[in-house]
Structure formats: C-alpha cells, structure tokens
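Observations on the three-dimensional arrangement
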Amino acid sequence: FSVSEAVSYDKKPNTIGLKRTVILYENMLWRNGEPKSGPPSPASIQYWVDLLAYLNYSGYLVLNIEHWPIYTDPVTRQYMVDIVNAFKVPGRKYQVGYYATVPQRNTIESLIPGSAGYLAWTSRNNAVQSIADACDALFPSLYSLHPDQFRWNAYVVENVKEARRLAKGKPVVGFMWPEYHPTVPLVGKTYVDQDLWKAQLQEARRLTDGIVVWKDADGQVWDLLFPWMTTLQEFMVANKIPA
C-alpha cells in the first residue's frame, strides 16, 4: 500500500514527507491554444515525456481528461487510448493512467447493486475497457461527496470493485481529498472530520493498492500541523507504510 500527494497550498515546500504524484490537467496537455476537440499535438505530449525523463520521474503520472463523451463515443475513447500510449515510452519509470474516468465515478447508481441504474453504469464502464487495458494503473475518485460515512463507504466499495474488474490485476490507486467536495451542502470545502478521515484512510487501505491525497489550490497557506496531515502521518506509522 502506497501513499503519495498532489496537494496545492501557498508556500508549500517541494516535499512534505510524501512521494509526489504528477497530474497533467487539460490546460497542460493542450498547450499553446490547441483545440480540445482532438488529441493534444505530438509536440505537446513530447514536451512532457522529455521533462519527465529529465526529472527521472518514477511515481504515478495521472492524466486528467474529463471533457469527452467517452462512454458513448468510440472516437474519443480511441483518443484516450492513443494519448496514454504516447506516454508509454521505452525506459520510463512512471506508471500512467487516468483520473476518475475508468471507471466512471458514480455516487448514486452504484449504491444499489443489481438495479437497472447500476447495470447501466457497469455497461458504460464496459465501453471504456480499452482505455483501462492501455493504462498501467487505474485511479478512481474516492472523494467525500456526502457527509454520511455509510454512504461514502457504499459508493467507494462499488467504485473500487468496478475499478478492480476493469484493471484485470493492475494497481488500483484511489484519489482522496481531506476536504468535502464543494458540491456537498453546508460543509463543502471544509475539512473532513478527523475521525471520519481516519476511517476513510483505513477503508482505502483495505480496498486499494494505494492512495493519492489531492487538494486544489484555493489560497490556503501550508502548515505541516494540519490535522488531516497529522492523522495521515499517524495512520502511516501505525500501518508501517513508507513515506
């Protein structure tokens, strides 16, 4: 089980004692005003391939592309396959995959296994099997999209199960966020209660091969003594998880 980070804070040092995960967002993949209707240019992808080689990067490389209708459109599905394959160059030390699209993140239909909605969701995931096959690892989203721990656990169990099915033995690494998702009424963008955060970390350890702790840039200043960070460090020590 591994723990890495992709958190953004003002005045955050280069290292906070955790391995860093590189995420390439759409505005980084489509450089110089390239249209997003098609894949990024070979030159744009080569820029990142060369930079990763120069840095001798050996962690996870997560591509964040969420604007295409990949569950219904075979053309954009093939774009996703081609893009991830373009990063799989000889001699690379990183593992590459997509954030939260394989499987499709689902927090409602996934709660009722066997229902028509659940089966429709798994059918959409079947459509992106070719993308999963091209990835080195799958990165499902395990964010807190509801303040109820039972509901969080139910959707995480099913989403990870779907990821395992598509992964066919490849690593499944969950994205976790120490804050509630902004869409959660009343508590969105506040930190998850630390008892809940600890329980989530323990469940992620049970279900997945690792986690990437993510946080968006919102002007907060870094503090090593953030409660979420202290809880994470205690969790890693208790479970003998290397930094």
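The rules behind these values
- Residues numbered from 1 in each chain as written.
- Predicted model: local features only at pLDDT ≥ 70, side-chain atom pairs only at ≥ 80, totals over all residues.
- Heavy atoms only, no water.
- Helix = DSSP H or I, 4+ residues; strand = E, 2+ residues; numbered from the N terminus.
- Rg over C-alpha atoms; globule rule 2.2 N^0.38 Å.
- Areas by Shrake-Rupley, 256 points an atom, 1.4 Å probe, with all protein chains shown as cover.
- Lys, Arg positive; Asp, Glu negative; His and termini not counted.
- Charge placed at Lys NZ, Arg CZ, Asp CG, Glu CD.
- Expected span 1.5 Å × (residues − 1).
- Contact = heavy atoms within 4.5 Å.
- Core = buried A, V, L, I, M, F, W, Y, C linked by side-chain atoms within 4.5 Å.
- Buried < 20%, exposed > 50% of the residue type's maximum accessible area, 1.4 Å probe, protein only.
- Pairing = 2+ DSSP bridges.
- Axes fitted to C-alpha atoms, helices over the stretch in contact; angles between N-to-C directions.
- Right-handed = clockwise from strand over helix to strand, strands pointing away.
- Salt bridge = Lys/Arg side-chain N within 4 Å of Asp/Glu carboxyl O.
- Phe/Tyr/Trp six-rings, centres within 6.5 Å; stacked < 30°, edge-to-face > 60°.
- Lys NZ or Arg CZ within 6 Å of the ring centre and 35° of its normal.

Each helix and strand counted, the chain has eight helices and seven strands in total. A compact globule built from 243 residues would reach a C-alpha radius of gyration of about 18 Å, and the chain, at 18 Å, matches this within 12%. Across its three principal axes, the chain shows a C-alpha extent of roughly 45 × 45 × 35 Å. For the chain, the computed accessible surface area is about 11200 Å², with 57% contributed by carbon and sulfur atoms. In the chain, the 24 positive side-chain charges and the 23 negative ones have mean positions that sit 5 Å from each other.

In a regular helix each residue adds 1.5 Å, so 12 residues correspond to 16 Å; helix α4 (residues 116–127) covers 17 Å between its end C-alpha atoms and thus fits that length. The inward-facing, buried residues of α4 abut α5 (129–134) and α6 (149–167).

This next bit is on the nonpolar core. Ranked by size, the top nonpolar core spans 76 residues in total, and within it Leu-63, Phe-87, Tyr-98, Ile-131, Phe-175, Trp-228 and Leu-232 carry the most contacts. Setting aside anything within four residues of it in sequence, one finds Trp-228 in contact with Val-7, Tyr-9, Pro-178, Tyr-191, Gln-194, Trp-197, Val-213 and Trp-222.

This brings us to the sheet that holds strand β6 (residues 173–176). Judged by pairing direction, the sheet is parallel, and its four strands sit side by side in the order β2-β1-β7-β6 without closing on themselves. With one partner strand each, in any of the chains shown, β2 (19–20) and β6 form the two edges of the open sheet. Relative to strand β7 (residues 210–215), strand β1 (residues 2–7) runs parallel, the two sharing six bridges. When the bridges of β7 are listed, Ala-6 appears paired with Trp-214. Across the sheet, helix α7 (residues 194–207) touches β6 and β7, and the angle it forms with β6 is around 165°.

On any regular strand, side chains alternate: one points to one face of the sheet, the next to the other face. For β7, the buried fraction is high: six of the six residues fall into the buried class. Covered by surrounding structure in β7 are Gly-210, Val-212 and Trp-214 together with Ile-211, Val-213 and Lys-215, the residues of both alternating faces. Bridge analysis of β6 against β7 gives four bridges, and the strand direction is parallel. For Met-176, the partnering residue across the bridge sits in β7 and is Val-213. After leaving β6, the chain enters α7 and then returns to the sheet as β7, a path that is right-handed.

Once that is clear, we can look at the pattern of salt bridges. For the coordinates displayed, the defined rule picks out 16 salt bridges. One salt bridge in this structure joins Arg-92 and Asp-136, with 2.6 Å as the shortest N-O distance. Of the two residues, Arg-92 sits in the loop between α3 (74–86) and β5 (95–98) while Asp-136 sits in the loop between α5 and α6, which places them 44 residues apart along the sequence. Linking Asp-218 and Lys-189 is a salt bridge whose minimum nitrogen-to-oxygen distance equals 2.8 Å. Of this pair, Asp-218 sits in the loop between β7 and α8 (227–238) while Lys-189 sits in the loop between β6 and α7, and the two are 29 residues apart along the sequence. For Lys-189, a relative accessible area of 27% translates into the label partly exposed. Taken together, the shared-partner salt bridges in this structure form one network comprising Glu-179, Lys-189, Lys-215, Asp-216 and Asp-218.

This structure, assessed with the given rule, holds 18 aromatic pairs. Plain terms: the ring middles of Tyr-47 and Trp-48 are 4.9 Å apart, the flat faces sit at 85° to each other, and that makes the pair edge-to-face. Looking at Trp-48, the relative accessible area reads 13%, which means it is buried. Measuring from ring centre to ring centre gives 5.2 Å for Tyr-143 and Trp-177, while their planes differ by 70°; the resulting arrangement is edge-to-face. Here Trp-177 lies in the loop between β6 and α7 and Tyr-143 lies in the loop between α5 and α6, a separation of 34 residues in the sequence. Residue Tyr-143 shares its accessibility class with Trp-177, and that shared class is buried. Here the aromatic residues Tyr-60, Tyr-99, Phe-139, Tyr-143, Phe-175, Trp-177 and Trp-214 are joined through ring pairs into a cluster of three or more. Its guanidinium or amino end placed over the ring of Tyr-47, Arg-31 lies 3.9 Å from that ring's centre, counting from NZ or CZ. When the ring centre of Tyr-9 is taken as reference, the NZ or CZ atom of Lys-215 above it lies at 4.8 Å.

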